[in-house]
Amino acid sequence: MFDVVSLRKMVKSERQRFNAACAEIEKERGAAASAAEEAMAMILRLQSEKSAVEIQATQFRRVVEQKQEYDLEVIESLQWTVEQVESQKNLLERQLGVLRERLRDFLNDHDIQQRVQEQDQEGEQDQEREQEKERDQEQEKERDQEQEKEREKEQEKEQEKEQDQEQEKEREKEQDEEREKEREEEREKEREKEQEKELEHEPEHEQGTASDVDLDLDLAVVDEDIERDEDADSGSGFLNFSVEYNDDLDAASSQNPSPTQTPQHL
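Residues numbered from 1 in each chain as written. Predicted model: local features only at pLDDT ≥ 70, side-chain atom pairs only at ≥ 80, totals over all residues. Heavy atoms only, no water.

(A) Here's a closer look at the overall build of the protein. What the protein contains, in helices and strands, is three helices and zero strands. For the protein, the α and β elements follow one another from N to C terminus as α-α-α. Per-residue burial for the protein yields a buried fraction of 4% across its 266 residues. Element-wise, carbon and sulfur atoms account for 47% of the exposed surface of the protein, whose accessible area totals about 25300 Å². (Helix = DSSP H or I, 4+ residues; strand = E, 2+ residues; numbered from the N terminus. Buried < 20%, exposed > 50% of the residue type's maximum accessible area, 1.4 Å probe, protein only. Areas by Shrake-Rupley, 256 points an atom, 1.4 Å probe, with all protein chains shown as cover.)

(B) Representation of the confidence of the model for the protein within the structure. When pLDDT is averaged along the protein, the result is 78; 73% of the residues meet or exceed 70. By mean pLDDT, the top-scoring element of the protein is helix 1 (residues 4-106) (90), and the lowest-scoring one is helix 3 (residues 238-255) (44). Segment residues 234-266 is flagged for pLDDT under 50; beyond a separation of four residues in sequence, or across chains, it makes 25 contacts in the model. (pLDDT = per-residue confidence, 0-100. Contact = heavy atoms within 4.5 Å.)

(C) Here's a closer look at the pattern of salt bridges. Applying the stated criterion across every chain yields a total of three salt bridges. The shortest N-O distance in the salt bridge between Glu 49 and Arg 45 comes to 3.0 Å. Taken together, the residues span about one helical turn, with Glu 49 and Arg 45 both in helix 1 at a distance of four residues. A salt bridge links Arg 129 to Asp 126; its shortest N-O distance comes to 3.8 Å. With Arg 129 and Asp 126 both in helix 2 (residues 109-232) and three residues apart, this pair spans about one turn of that helix. Residue Asp 126 is classed as partly exposed on the basis of its relative accessible area of 39%. (Salt bridge = Lys/Arg side-chain N within 4 Å of Asp/Glu carboxyl O.)

Here is the structure:
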């Protein structure tokens, strides 16, 4: 007989084992699920790669087949041309044989050999001429290349000269602008000086105008006095004296226009 306490302990231990087993099962389930997902991803990736490789293989196969067909066509065309050339060659050889037989009727073997040698020499000369023409063409090409290089160098030099000229023009423009600025500054300074001089001369001019006004007033007073003397002494000799005095006063006023020297006693 087990006690209740021992039974409870056994139940707790069994529950703990059950929980531990459930946790392990869940871990294994998660691991299995992750492994299955990775496997599926690998399978999908391999399938996509396989499809891509198959597509590339089919493309390469088509390209190879097309090349084979093209090569076969080219081979057939070349064979046909070779056959035509051989047939033409055979015809030409037959014609040459016939022509040689006819020549032998008219010429000796020695003459025929000489003509053949002459033809060979002419052929060699033609080849040499062609080689010389090719050499001349190569030399002309080299000369053209050298001329092009020289032209490029000249163009570069001209461009450098143009750049230098442009820089000089810009410098001259800058110098002209600086000179114009300096001239403007000098003109402004001169204007300021002239304005200062005018300001200095203004009070003197005002004094001169005031002295002229005083002089005119004094002369008017003198004229009035002279008229009064003439009215008072119409037949006496004071008239001549007053006129002469007025002339002397005019002369003195012209020499000394300052109001300080005017005859105030009159």
